[in-house]
Amino acid sequence: MTDSLILAGGKSTRFKSDKALAHFNDIFIPNVKYTADLTLPFVDHCYVSTNQNNYSNIDNLFNDSKVQVIQDVKPMIDCGPLSALWSYFDTVQTKQADLIVVATDYIIDQRAIEFLSQNLGYIKIKSLPYYTCCHLTINMELLKQHMKSHNYRWRSYCQMLTVLRKIMMET
C-alpha cells in the first residue's frame, strides 16, 4: 500500500503568501489541490499536511474520500516536513509506510509522480536533489531515533534512509 503525503504546512515567509494556496500550474487551482490530484492515481490514500493557520482553507478544497487533510501534532509542530511525517504516523497509526512525499511548490506533472511511484528515492533536476519530491519506505522507529538527535532537517533524514537502504541491499 502506497500513500502520498503532500507538504502544505510551510510558513511561505519568502513568498509572502501561502504557496500551497497559490497556483504555479497551467490551470487555475491551488498548488495543494493540483499536487494532491496528481498523486491520486498512484496511491491508496492521500494525506495533505497543513499548519494551524491554513488547515481550514485547505480542508475546504477537498471532497474526495481518498484525501484527508491533517495538521501538525505535538511534539512536532512547525518542524517542517518531519512534522508532516510525524502527523501522518499519528493519523494512520502504523509503524511502517510506503510514501510518495511532494511539496506544493514544485512545478511537476503526472509523469514525475508516475516515475516516483515506480522508484524509491528523490528526484534530481540538473543534478540538484529535490528531497521533498520523493518516494520513501519509512519506519516510525527510525523517525523516533532521528528525532532524539533534535535534527529536524528533512534532507538529513532522507540521506540517512538512503544510506540505510544501501546497507540493506548489500547484506
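Structure's up top.
Here is a short report on the structure shown in this document. (Residues numbered from 1 in each chain as written. Predicted model: local features only at pLDDT ≥ 70, side-chain atom pairs only at ≥ 80, totals over all residues. Heavy atoms only, no water.)

## A closer look at the overall build of the protein chain
Link 1 in the chain: Each helix and strand in the protein chain was counted, giving 6 helices and 6 strands.
Link 2 in the chain: N-terminal to C-terminal, the α/β element order of the protein chain is β-α-β-α-β-α-β-α-β-β-α-α.
Link 3 in the chain: Counting across all 171 residues of the protein chain, residues that qualify as buried make up 45%.
Link 4 in the chain: For the protein chain, contacts bridging at least 24 residues in sequence account for 58% of all contacts bridging at least 6.
Link 5 in the chain: A total of about 9,600 Å² of accessible surface is found on the protein chain, and carbon and sulfur atoms cover 52% of it. (Helix = DSSP H or I, 4+ residues; strand = E, 2+ residues; numbered from the N terminus. Buried < 20%, exposed > 50% of the residue type's maximum accessible area, 1.4 Å probe, protein only. Contact = heavy atoms within 4.5 Å. Areas by Shrake-Rupley, 256 points an atom, 1.4 Å probe, with all protein chains shown as cover.)

## Section: helix α1 (residues 31–39)
Link 1 in the chain: Counting buried residues in α1 gives 7 out of 9 residues, a clear majority hidden from the surface.
Link 2 in the chain: Of the residues making up α1, those classed as buried are Asn31, Val32, Tyr34, Thr35, Ala36, Leu38 and Thr39.
Link 3 in the chain: Taken together, the buried residues of α1 touch β1 (2–7), β2 (45–50), α2 (55–59), β4 (96–103) and α4 (110–118).

## Here's the deal with the sheet that holds strand β6 (residues 128–139)
The strands making up a sheet are joined through hydrogen bonds of the backbone, oriented either antiparallel or parallel.
Link 1 in the chain: Strand order in the open sheet formed by 6 strands is β3-β2-β1-β4-β6-β5, with mixed pairing between adjacent strands. This sheet does not close on itself; its edge strands, each paired only once, are β3 (67–71) and β5 (121–125). For this sheet, the mean angle separating the axes of adjacent strands, direction not counted, is 25 degrees.
Link 2 in the chain: As paired strands, β1 and β2 are joined by 5 bridges and run parallel to one another. What sits directly across from Asp3, in β2, is His45.
Link 3 in the chain: The sheet strands contacting α4 are β4, β5 and β6, and the helix crosses β6 at an angle near 40 degrees. (Pairing = 2+ DSSP bridges. Axes fitted to C-alpha atoms, helices over the stretch in contact; angles between N-to-C directions.)

## Section: the nonpolar core
Link 1 in the chain: With 50 residues, the main nonpolar core has Leu5, Val48, Leu85, Leu143 and Trp154 as its most contacted residues.
Link 2 in the chain: Dropping the residues within four chain positions of it, Leu5 is found in contact with Tyr47, Ser49, Ile70, Ala84, Leu85, Tyr88, Leu99, Ile100, Val101 and Val102. (Core = buried A, V, L, I, M, F, W, Y, C linked by side-chain atoms within 4.5 Å.)

## A short note on the packing of helix α3 (residues 81–92) against helix α5 (residues 140–148)
Link 1 in the chain: The geometry of α3 relative to α5 is characterised by a closest axis approach of 11 Å and an angle of 140 degrees between their N-to-C directions. With respect to α5, the axis of α3 lies oblique. At the point where α3 passes α5, the crossing takes the left-handed sense. Counting all contacts with α3, which are made through Leu82, Leu85, Trp86 and Phe89, the residues of α5 involved are Met140, Leu143, Lys144, His146 and Met147.
Link 2 in the chain: Split by residue class, the contact of α3 with α5 holds 7 nonpolar, 1 polar and 1 charged. (Parallel < 35°, antiparallel > 145°, perpendicular 65-115°, else oblique. Left-handed = near helix turned anticlockwise from the far one by under 90°. Nonpolar A, V, L, I, M, F, W, Y, C, P; charged D, E, K, R; others polar.)

## Describing the pairing of β2
Link 1 in the chain: With 6 of 6 residues buried, β2 is to be regarded as a mostly interior element.
Link 2 in the chain: Here β2 shows no split at all, with His45, Tyr47 and Ser49 on one side and Cys46, Val48 and Thr50 on the other all buried.
Link 3 in the chain: Where β2 meets β3, 5 bridges bridge the pair, whose relative direction is parallel. In the sheet register, Tyr47 faces β3, and the bridge partner there is Gln68.

## Structural notes on α4
Link 1 in the chain: Along α4, the positions that sit buried rather than exposed are Ala112, Ile113 and Leu116. Along the axis of α4, the buried residues cluster in a sector spanning 95 degrees; they form a single face. Across from the buried face of α4, at angles greater than 90 degrees, the exposed residues are Arg111 and Gln118.
Link 2 in the chain: Residues of α4 that are buried in the fold lie against α1, β4, β5 and β6. (Arc of directions from axis to C-beta.)

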